Amino acid sequence: MGFYINPGNGNFREIRNDDYIDKSGLIAVINQTIGRKNRLSCVSRPRRFGKSYAANMLEAYYDCSCDSHALFDDLEIAKDPDYENHLNRYHVLYLDITGFMSDTTLTGLPDYISKEIIEDTGRVFPEITQEDSVRKCLSRIVTETGRKFIAIIDEWDAPIRDQESTSKTQTDFLEFLRSLFKSEITKDVFAAAYMTGILPIKKDGTQSAISEFREYSILKPERFAPFVGFLEEDVKRICDTYHVSIDEMKAWYNGYNVETPDKKRLSVYNPNSVIRASESGDFESYWVQSSAVYGALDYINLDFDGLGEAAEQLTAGLEVSFQTQSFRNDLTSFESADDVLTLLTHFGYLTYDSEKQAARIPNHEIMTEFGRMIHKVTHRETMLRLRESEQLLSDIIAGRADAVAANIQKVHMKESAPLWYNDEQALRAIIKLAFFTYRDHYIKLEELPSGTGYVDMAYIPKKYDPSPALIIELKAGGTPEEAMEQIRSRNYASSIEGLGESPLLVAITYEKDDKAKPHHCLIDHSNH
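What counts as what
Residues numbered from 1 in each chain as written. Predicted model: local features only at pLDDT ≥ 70, side-chain atom pairs only at ≥ 80, totals over all residues. Heavy atoms only, no water. 1 Å grid on protein atoms, 1.4 Å probe; cavity = no way out; pocket = protein on both sides within 12 Å on 5 of 7 lines; lining within 4 Å. Points joined across faces, edges and corners; volume = space filled by probe spheres on them. Helix = DSSP H or I, 4+ residues; strand = E, 2+ residues; numbered from the N terminus. Nonpolar A, V, L, I, M, F, W, Y, C, P; charged D, E, K, R; others polar. Buried < 20%, exposed > 50% of the residue type's maximum accessible area, 1.4 Å probe, protein only. Polar contact = N/O pair within 3.5 Å; in protein donor to acceptor, adjacent residues only side chain to side chain. Contact = heavy atoms within 4.5 Å. Pairing = 2+ DSSP bridges. Salt bridge = Lys/Arg side-chain N within 4 Å of Asp/Glu carboxyl O.

**Student:** Got a minute to help me understand empty space enclosed by the protein in this structure?
**Tutor:** One way to see where empty space is left: roll a probe the size of a water molecule over the atoms. The full count for this structure, using the stated rule, is three cavities of 30 Å³ or more. Looking at the largest cavity, its volume works out to about 50 Å³. Along its surface, the largest cavity is lined by Thr121, Gly122, Phe125, Ile128, Thr129, Gln130, Cys137 and Ile141. Every element with two or more residues in the lining of the largest cavity is listed here: α7 (109–124) and α8 (134–145). Its volume calculated, the second largest cavity comes out at about 40 Å³. Every residue along the wall of the second largest cavity is listed here: Ile218, Leu219, Tyr256, Asn257, Thr345, Leu350, Thr351 and Tyr352. Of all the secondary structure elements, the ones that give two or more residues to the lining of the second largest cavity are β8 (256–259) and β11 (351–353). Taken together, the residues of the lining of the second largest cavity sort by class into five nonpolar, three polar and no charged.

**Student:** Help me understand the side chain of Thr342, please; the structure alone is not making it clear to me.
**Tutor:** Summarising the element assignment, Thr342 is placed in helix α17 (residues 337–347). According to the relative accessible area criterion, Thr342 is buried, its value standing at 1%. A polar atom in the side chain of Thr342 sits 2.7 Å from the backbone oxygen of Asp338. Once residues lying within four places of it in the same chain are set aside, the contact partners of Thr342 are Leu219, Phe322, Gln323, Thr324 and Phe327.

**Student:** What should I look at first to understand the pairing of strand β2 (residues 91–96) in this one?
**Tutor:** Consecutive side chains of a regular strand alternate in pointing toward one face of the sheet and then the other. Counting buried residues along β2, five of its six residues qualify, which places the element largely inside the surrounding structure. Alignment of β2 against strand β3 (residues 149–154), held across six bridges, turns out to be parallel. Bridge assignment links His91 to a residue of β3, and that residue is Phe149.

**Student:** Honestly, the sheet that holds β11 in this entry has me stumped. Any pointers?
**Tutor:** Sheet strands associate in pairs through backbone hydrogen bonding, adopting either a parallel or an antiparallel arrangement. Strand order in the open sheet formed by three strands is β10-β12-β11, and the pairing between neighbours is antiparallel. Two strands lie at the open edges of the sheet, namely β10 (320–321) and β11, each paired on one side alone. As paired elements, β11 and strand β12 (residues 358–360) share three bridges and run antiparallel to each other. The residue of β12 that forms the bridge with Tyr352 is Ala359.

**Student:** Even after reading the chapter, I still don't get the pattern of salt bridges, so can you show me in this structure?
**Tutor:** Applying the stated criterion to the full structure yields 24 salt bridges. Taking the shortest distance from any N to any O, the salt bridge between Asp157 and Arg161 comes out at 2.8 Å. On the accessibility criterion, Asp157 (0% relative accessible area) is buried. Looking at Arg161, the relative accessible area reads 7%, which means it is buried. Between Arg178 and Glu175 there is a salt bridge, with its nearest N and O atoms 3.1 Å apart. Highlighted residues: Arg178 and Glu175, both in helix α10 (residues 167–180), separated by three residues, approximately one helical turn. Through salt bridges with shared partners, one network takes in Glu259, Lys263, Arg265 and Asp353.

Here's what the structure looks like:
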């Protein structure tokens, strides 16, 4: 048993000792690639989405130096007809790139990894003549033992994401990977390979720099879609075990959408956040930024047209359209707002709908992070909108209805396209934009059942926040007096009884048939 070659099943044994969500179906997907042209898989997904757990599971399943029946016989993979055909039948080359980076410099990384692997072959196979290159060492092991390798490379993109990374260090590291998986020797040495990280493989021009790998990113996971994160049934089981609310779990950590090859859409959860919330009983943001590389603020502040506006729209809960094709899969080659938004999707700050070619913030956890960051954005227009949004809330609470109408009209005129200006849904989107700093004080609810109808929008003050609750009715056409009468006659205020002080009732309308589109507002207390 070695450090990198045939490291055994100890890592996965520790994982099984805790509560384990069965993701062994991933093994069947890899088994289907063994000995085929698509044997090399690069699977990228956001941090804290179980990448290392999956790598440890594969390591334990394939490693021929141990017997892993006890770890897998009760899992889903044991029902697969190929289960025994591949269990503990291969040499494993397991490389955790972050582990190597802690012991050397980026400049010396490729040579250091090569040296460590070569030395490990001597420890594991002392009877086999040691060669002077990794490829030769692995080839000799295959020749002498009659077993091929399964390569498992965890955090492959760590050198690309490192803050000290340069074009040369990236090129040298990619060349090391290319040399390891050169097409002429791959089929002779590797039965399959599973490489995982946050970013897809860096592009060389418009193509992947390591073209031998088939890529499955968070944008297009294909056959790996069910294994991106926790599925609904996984989370229900966890909630039942820990006696926590599935509804709160959904609100906080659900919302990442992925699509299977048969076009089935799956909604997945961040595994790390679900487990931590279940164990602690606290629903909060566990999106701890372990280093600046994950700080979305650094990228949102880049000087690209439309980026500040996109951040505002995302924070308001709206979708933003952009193209993903131009992104070079690194942290330095940004050329547009589209590239930055694509990066944020790979990092897990956004979820992307490929059919709409648009993204949104997936859940309350990430929205909390965006809410914190938006106050630090340095775009002048965004800073102005922050002040305007905060002033809007102040005007509502103070009852300054004319100022509220003027503020919303300004946003509406600026943001709305003429073709959909008269759509009431457009007015709802504009309200969201105008109130986009509400998360400092409120939780927003839409289409809330109440009395004999549905409240358009309700803003509930956060715990210990003294702000009054808000009931907002929107009308494209009509008068604010008519909208206010609807709020009262349908008893909308009953929907939030017991949630803070007596709510303010806010009726907002605009004259859609008037070219000037004047907006009107009426504010009253619910107990009047």
